[in-house]
Amino acid sequence: MLRKEIQHLQSTESSEAKQLAYQESQMRFRTIFELSKLGNKVITSDLKITQINPAMVTLLGYDHKEEIIGTRILDYSPQDHHAHWELLQEHLWEKSTPFFSLETVLIKKDKTLIWVNVTSILFPDQGHNLGYTIIQDITEQHALKLQKEEFIAIASHELKTPITSLKAVLQLLIRMIKKEETIPEKIANLAHEAQLYTSKLIHLVEDLLNASKLEQGQLSVNKRKFPLSEVIEGCCNHLRLDRKHYVTHNGDLSIIVNADRHKIDQILVNFVNNAVKYAPASEEIAIKVEQLSTSVKISVTDKGKGIPSEDLPHLFERYYQVGKGDKHSSGLGLGLYISAEIIKKHHGEIGVESKIGEGSSFWFTLPNKESIAVN
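(A) Layout of the pattern of salt bridges. Under the defined criterion, the tally for this structure stands at eight salt bridges. Note that E90 is salt-bridged to K95, the shortest N-O span being 3.2 Å. Counted as one network, the salt bridges with shared partners bring together R224, E230 and R261.

Structure, rendered in C-alpha cells:
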C-alpha cells in the first residue's frame, strides 16, 4: 500500500510539473507572439484566423485584433493570389510539410496592396494541427526587385543588336583574313580571340534575357522535331576557336526529339562552357546520347577536378556559383538555373554526377514519348 501511495504521489508531482512547464511555455510563447515586430498569426486547417498579434493588426491597417480574429486569410488576399494560400494549406495539412514559405500579396483595410513573405510551421494543439505564420512586409524590396529586372530586360535587349552586328563583322573579317596570305599570324589570332569573346558575350546576354523572362513568367518553349545531331554537332563551334579543348560524341545522334531546338542548344553550350571554365585541364569534353526506356538522356562529361559534394544540391539554384571568388567563378550563376527551368518546361529531368579528382557529368533527359529513333 505504501509503494502504491508513493507511486501515486510521484505521478501527481510529475503531472503537476508537466502542467507547470506547459503553462510557463505558454507564457513565453505569448510574450514572443505579442511583442514580435513581425506579423504573427495562428490559422486552422480551413485558413481561419484564431489568433493575431499587434504587429499583424498594424500590417493590415486595422485598429483592433477583434476585427480580424474569426475571419479567413483569404479575405485579405486578391482572388488571383488565393492559389498561394491553397498551396500552403495543401503542404501543411494534407502533406504534413513541417515548414513552408512563399511570397504573396495581401489587401490592407484601405484596399492598398502589399507584398509579403510568409513563413509557416505546423504545430499540434489540443488534438488539432494549427499553422503558425510569420508575415513580413517586403513591398519595398519587391519594388526594387522589379526595377532591377526591368533594367536587366531593357539592357539585355539593347545589347543584343550591337553584339549580333559585332559578331557578323568579326565573321566577315576572319573570312577576309583567311583569303589574305600577307596578314601577320598575330593579327589573325587576335581576330579569333575577339570572335571567341563575342560568343561568350552573346551567351551571357541570352542568360540575362531568359532570366528576365522567367521572372515575368514569359519563358516559353517552341517545340519541333529535329535530330539531336543538329544541336550536338553545332553547339561547340566556339571551342574550335579556343584550341585548348576538343569534343567527342557518343551514342545515336540521329535520334529525333520533339523539343525547343534553340533552348536545347543553349543548355548544351552552357554545359560545355562550364566544363571549359571549371575543368580547364580536361582537354576532352564528351557528349553522350542514351536511349532509355522512358526518355532520351544527353550528358556532357569532363575529366576535371570534380565538384565538392556540399555544392552539388545547390548547382541549379539561381545565382549559385561553385568556388565563388576564385579565378574560375566569373559569370552570373544563371546558366544552370535557366537550364533547369527549360528542362522542367519540357517535362524532363536534369542533374549532375561528380567525384573529386575524377570529373563531372551534367545531364538532362527529354521524355521518350516525344522522341523517335530513326535509322
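Let us keep going from here.
(B) Broad picture of the sheet that holds strand β5 (residues 128-137). One open sheet holds the five strands; their spatial order is β2-β1-β5-β4-β3, and the pairing between them is antiparallel. With partners counted over all chains shown, the strands left at the sheet margins are β2 (49-52) and β3 (99-107), one partner each. Direction aside, neighbouring strands of the sheet carry axes that sit 30 degrees apart on average. Two elements, strand β4 (residues 113-125) and β5, share 10 bridges in a ladder whose sense is antiparallel. Within β5, the residue paired with S120 across the bridge is T133. With respect to the sheet, helix α3 (residues 82-94) is in contact with β1 (39-43), β3, β4 and β5, its orientation differing from that of β3 by roughly 155 degrees. Lying over the sheet, helix α4 (residues 139-179) contacts β3, β4 and β5, oriented at roughly 125 degrees with respect to β4.

(C) Seen up close, the nonpolar core. If you look at the biggest cluster of nonpolar residues, it comprises 42 residues, and the most contacted ones within it are L228, I264, L268, I298 and F364. Listed by contribution, the elements that provide at least two residues to this core are α5 (185-215), α6 (229-232), β8 (256-259), α8 (261-278), β9 (284-291), β10 (295-301), α9 (335-345) and β12 (359-367). By residue number, the principal contributor to this core is α8, which donates eight residues. Other than its neighbours up to four places away in sequence, I264 contacts V231, A259, I343, H346, F364 and L366. Within the second largest apolar cluster, 24 residues are counted, among which are L47, M56, L60 and W85.

Cut-offs used in this document
Residues numbered from 1 in each chain as written. Predicted model: local features only at pLDDT ≥ 70, side-chain atom pairs only at ≥ 80, totals over all residues. Heavy atoms only, no water. Salt bridge = Lys/Arg side-chain N within 4 Å of Asp/Glu carboxyl O. Pairing = 2+ DSSP bridges. Helix = DSSP H or I, 4+ residues; strand = E, 2+ residues; numbered from the N terminus. Axes fitted to C-alpha atoms, helices over the stretch in contact; angles between N-to-C directions. Contact = heavy atoms within 4.5 Å. Core = buried A, V, L, I, M, F, W, Y, C linked by side-chain atoms within 4.5 Å. Buried < 20%, exposed > 50% of the residue type's maximum accessible area, 1.4 Å probe, protein only.

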